[in-house]
Amino acid sequence: MTKTLYLPAPAKLNRLLHITRRREDGYHELQTLFQLVDISDTIGLTPRDDHRIVLNEGIDDVAHEHNLVVRAARLLQNTHLLHNAMETPRGVTLSIEKRLPMGGGLGGGSSNAATVLLGLNHLWQLNLSVDRLAALGLQLGADVPVFVKGHSAWAEGVGEKLTSVTLDTPWFVILHPGVSVSTAAVFQDPELTRNTPPITMARALQGGAPTWRNDCEAVVKKRYPPIAAALDWLNCFAPSQLTGTGACVFAAFETQEAAKQIARNASQHWPTWVAKGLNRSPLHDALGG
Ligand SMILES: C[C@@](CO)(OP(=O)(O)O)[C@H](O)COP(=O)(O)OP(=O)(O)OC[C@H]1O[C@@H](n2ccc(N)nc2=O)[C@H](O)[C@@H]1O
Ligand SMILES: Nc1ncnc2c1ncn2[C@@H]1O[C@H](COP(=O)(O)OP(=O)(O)O)[C@@H](O)[C@H]1O
């Protein structure tokens, strides 16, 4: 019987997010600190004898063809075909056990895609380098490369110029304020701070968590009052921030017990997670890379 490989797709938090410039093409250049955390979706990959890419258990509201796991598998299959025209392409049956909220700024979809790229590179024995897979991942989304590389990182560009960093690893309380944020609308908002002077990575790290902020926060709070309310609530216990363009907000605590205590109260109002900060991805631990 063909065995299924089950692999984690962890979440990330943006512990700092500066927007430094709007480019000619409308995209914005960022400086961000991505930290991996230990809450994950689980992706199942079962190799097939034919060339089909099948998604068994998907996600409601996302058509199979649009699902980032299917798009990642197809991208890898097409890349492989292009360079190895004579070889029979391999197929896979995929499944997703979703725990991370969608569109919450935790990068779940991007992480799912990265797990498929690394998992299939292993199962199909393609031997593509991590750098090559990260470049392919960038075609699927700006947050995919950091999950492919598998380490907390300082990122520039649109998030693809990565330098691995070792961050503190506190316990986080993460809340989902229950609204869905349009990333495009946030980036188009005339009031968005988009001219923060670039800083060096060394300076960002030296300043540490008390100096870290997210340039999207003011606009997001104004547009989405429930996010402002969640930030105000969490700020009563520890300095709180938005991750990505939201909707999730988070705060760091020294101990798991302290985080759990706040999470117990928070969960009366919002979906809540307690997550440990990581530097290395559990996906890379699982693949032994
Ligand atoms: C800002 C981050 C930080 O992690 O937010 P989250 O997605 O995690 O919340 C990401 O880099 C988001 O990247 P990604 O998730 O790929 O963005 P998309 O959905 O493709 O972006 C939707 C729209 O936002 C704008 N956009 C996005 C990223 C960027 N660096 N500049 C932009 O101007 C563009 O108009 C784009 O069409
Ligand atoms: N496998 C997937 N998991 C999550 N979202 C997906 C997936 N495939 C496609 N998507 C789409 O990508 C969007 C962004 O998802 P996600 O990465 O979870 O959020 P964010 O970029 O805010 O962290 C979702 O709203 C959904 O429409």
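Residues numbered from 1 in each chain as written. Chains lettered and ligands numbered in written order. Predicted model: local features only at pLDDT ≥ 70, side-chain atom pairs only at ≥ 80, totals over all residues. Heavy atoms only, no water.

## Considerations on unusual backbone geometry
The linkage connecting Gly 246 with the following residue, Ala 247, adopts the cis geometry, with an omega of 10°. Structurally, the position occupied by Ala 247 is in the loop between strand S8 (240-242) and strand S9 (249-253). Here the phi dihedral of Asp 61 falls at roughly 80°; this positive angle occurs in a residue that is not glycine. You can see Asp 61 is positioned in the loop between strand S3 (53-55) and helix H1 (68-83). (Helix = DSSP H or I, 4+ residues; strand = E, 2+ residues; numbered from the N terminus.)

## Here we look at the site of ligand 2
Taken together, 18 residues lie around ligand 2, and Asn 67, Leu 68, Lys 98, Gly 107 and Gly 109 are the ones closest in. At four residues, the largest contribution of residues to the shell around ligand 2 is made by helix H2 (residues 108-123). Split into classes, the residues belonging to the shell around ligand 2 amount to seven nonpolar, ten polar and one charged. (Near = heavy atom within 4 Å. Nonpolar A, V, L, I, M, F, W, Y, C, P; charged D, E, K, R; others polar.)

## Focus: the site of ligand 1
In the vicinity of ligand 1 lie 17 residues, with Lys 12, His 28, Ala 142, Asp 143 and Thr 245 positioned nearest. One nitrogen or oxygen atom from the side chain of Lys 12 is found 2.7 Å from an oxygen atom belonging to ligand 1. Within the contact set of ligand 1, an oxygen atom lies 3.0 Å away from a side-chain nitrogen or oxygen of Asp 143. Coverage of ligand 1 by the protein amounts to 78% of the 690 Å² it exposes when considered alone. Looking at the shell around ligand 1, the elements with two or more residues in it are strand S1 (5-22), strand S2 (28-48) and helix H5 (183-188). Here the residues of the shell around ligand 1 are counted per class, giving eight nonpolar, seven polar and two charged. Counting contributing residues, the shell around ligand 1 receives three or more from each of domain 1 (5-165) and domain 2 (171-278). (Polar contact = N/O pair within 3.5 Å; in protein donor to acceptor, adjacent residues only side chain to side chain. Areas by Shrake-Rupley, 256 points an atom, 1.4 Å probe, with all protein chains shown as cover. Domains from an automatic or database assignment.)

## Concerning the domain arrangement of the protein chain
We note that the domain assignment places domain 1 (5-165) and domain 2 (171-278) within the protein chain. Just the C-alpha atoms count here: the centres of domain 1 and domain 2 sit 23 Å apart. Between domain 1 and domain 2, the contact holds 30 residues from the first and 36 residues from the second. Together domain 1 and domain 2 conceal approximately 2,900 Å² of surface at their shared face, both sides included; 64% is due to carbon and sulfur atoms. Contact with domain 2 buries surface across domain 1, with Arg 15, His 18 and Ile 19 losing the most and accounting together for 22% of the total. Counting the contacts that link domain 1 with domain 2 gives zero salt bridges. Summed over the shared surface of domain 1 and domain 2, the number is 19 residue pairs in polar contact (both at pLDDT 80 or more). For the side of domain 1 that touches domain 2, the secondary structure elements donating two or more residues are S1 and S2. In terms of residue count, S1 provides more of the side of domain 1 that touches domain 2 than any other element does, eleven residues in total. (Contact = heavy atoms within 4.5 Å. Buried area = accessible area lost by both parts, 1.4 Å probe. Salt bridge = Lys/Arg side-chain N within 4 Å of Asp/Glu carboxyl O.)

## Some details on helix H8 (residues 225-235)
Among the residues making up H8, those that are buried are Ile 227, Ala 228, Ala 230, Leu 231, Trp 233 and Leu 234. Buried residues along H8 sit in contact with strand S7 (171-175), helix H7 (217-223), S8, S9 and helix H9 (256-266). (Buried < 20%, exposed > 50% of the residue type's maximum accessible area, 1.4 Å probe, protein only.)

## Digging into the nonpolar core
In terms of nonpolar packing, the biggest core is built from 38 residues, with Val 69, Leu 76, Val 92, Leu 94, Val 116 and Leu 120 touching the most fellow members. What Leu 76 contacts, discounting residues up to four positions off in sequence, is Leu 117, Leu 120, Asn 121, Trp 124, Leu 126, Leu 128, Leu 133 and Leu 136. Counting 30 residues, the second-largest nonpolar core is a separate cluster that includes Leu 192, Leu 231, Trp 233 and Ala 251. (Core = buried A, V, L, I, M, F, W, Y, C linked by side-chain atoms within 4.5 Å.)

## Considerations on the pattern of salt bridges
Evaluated as defined, the whole model comprises 15 salt bridges. Notably, a salt bridge pairs Glu 65 with Arg 74, separated by 3.3 Å at the nearest N-O pair. Classification of Glu 65 by relative accessible area gives partly exposed; the value is 47%. Here Glu 257 makes a salt bridge to Arg 264, at a shortest N to O gap of 3.7 Å. Salt bridges linked by common partners bring Arg 21, Arg 23, Asp 25 and Glu 29 together as one network.

## What about the side chain of Thr 46?
Looking at where Thr 46 falls in the secondary structure, it is placed in strand S2. With a relative accessible area of 18%, Thr 46 lands in the buried category. Polar contacts involving the side chain of Thr 46 include one to the side chain of Thr 4, which spans 2.8 Å. For Thr 46, the residues in contact, after removing those within four places along its chain, are Thr 2, Lys 3, Thr 4, Val 92 and Thr 93.

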